[in-house]
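Examination of the molecular architecture
Below are the chains, spelled out letter by letter.
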Amino acid sequence: MSEPRSRIRVIDLETAGNGPHDVCEIGWQDVAQGDDGLWRLSDVRGSRLVNPGRPISPETMAVHHILDEQVSGAPFWKTVAPEILRPDGGVLALAAHRAAFEQRYCRPHLTGGAEWICTWKGALRLWPQLPSFSNQRLRYQRRPAGLVHEMGLPAHRALPDAYVTAHHLRDMLNEVSVDQLLAWSQEPGLLPRVPAGADRGKAFHDVGDAALSILVRDRDVDVRFSAETELRRRGEAPPAPAPSGQQSLL
């Protein structure tokens with residue numbers, strides 16, 4: 001078996017709405033490992049406009065400012081995606097901030113089954129002391145070394161956002177292994193603080209037992225996972241999942 005390829009491609013998408021084929025722009029920025037073992041941004045980056053096959057909604061247009069007339073002559077997603085998601089020479093993994101969004105569109109048949117790193121989940125683990133974990137807030141809270149301000153603008157366009165995310169990924173890779181980031185990315189997000197309710201803003205390890213017993217049944221998977229993790233830290237087993245309606249009839 002060949003050695004793992006020492007580059008990871010960061011992906012960012014802009015869309016026309018929330019449908020399954022609504023991509024209107026893709027941006028990418030590669031992060032590569034040097035002979036010294038350190039990870040750095042490479043010169044390989046780019047963006048492509050994509051014809052979403054439908055009008056761009058005003059709500060999303062107000063975010064990224066991509067116009068229908070700018071994408072009307074662009075190729076469709078199924079044509080653009082494979083050459084970007086499966087570049088010559090391959091990649092060790094793909095990455096994105098809140099990667100679940102990109103994975104909705106970058107399906108395995110387009111990526112060749114590549115694994116994904118979620119830099120949002122990595123940031124929760126590595127920098128839990130920070131007050132916010134959005135891509136842009138991390139940018140200004142952390143001020144990553146080497147990030148050229150103008151290259152990260154305008155925000156909410158695919159290439160600038162991928163460029164910013166790549167700086168977070170680089171710093172993560174220089175702290176922990178690729179395997180560790182992949183493992184964290186396969187789990188729900190480990191939130192450092194309760195995001196809502198009476199204990200909003202309180203660290204999970206400061207939440208009382210009664211409140212924690214409620215949080216482990218929260219509808220939000222990240223909240224449940226974070227509460228369950230705290231229970232395990234306290235030496236307690238999380239409650240068993242409630243049976244489904246069908247199971248209760250059997």
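Before any of the text, the structure's been laid out above.
**Overview of the layout of surface pockets**
- Quantified by volume, the largest pocket comes out at close to 450 Å³.
- Where the lining of the largest pocket is concerned, the elements lending two or more residues are strand E1 (7-15), helix H1 (58-64), helix H4 (99-105), helix H7 (135-142) and helix H8 (158-173).
- Looking at the lining of the largest pocket, the element that brings in the most residues is E1, giving five residues.
- Each residue belonging to the lining of the largest pocket can be placed in one class, and the counts come to five nonpolar, eleven polar and five charged.

**Notes on the packing of aromatic side chains**
- Counted according to the given criterion, the structure contains one aromatic pair.
- A ring pair is formed by Phe101 and Tyr105, whose centres lie 5.4 Å apart and whose planes are at 65°; its orientation type is edge-to-face. Of the two residues, Phe101 and Tyr105 both sit in helix H4, four residues apart, roughly one turn of that helix.
- Assessed through its relative accessible area of 2%, Tyr105 is described here as buried.
- Directly above the aromatic system of Trp120 lies the positively charged group of Arg98, at a separation of 3.7 Å from the ring centroid.
- The side chain of Arg142 reaches across the aromatic face of Trp127, ending 3.9 Å from its centre.

About the criteria used
Residues numbered from 1 in each chain as written. Predicted model: local features only at pLDDT ≥ 70, side-chain atom pairs only at ≥ 80, totals over all residues. Heavy atoms only, no water. 1 Å grid on protein atoms, 1.4 Å probe; cavity = no way out; pocket = protein on both sides within 12 Å on 5 of 7 lines; lining within 4 Å. Points joined across faces, edges and corners; volume = space filled by probe spheres on them. Helix = DSSP H or I, 4+ residues; strand = E, 2+ residues; numbered from the N terminus. Nonpolar A, V, L, I, M, F, W, Y, C, P; charged D, E, K, R; others polar. Phe/Tyr/Trp six-rings, centres within 6.5 Å; stacked < 30°, edge-to-face > 60°. Buried < 20%, exposed > 50% of the residue type's maximum accessible area, 1.4 Å probe, protein only. Lys NZ or Arg CZ within 6 Å of the ring centre and 35° of its normal.

As far as function goes, none of this settles anything; it's purely spatial.
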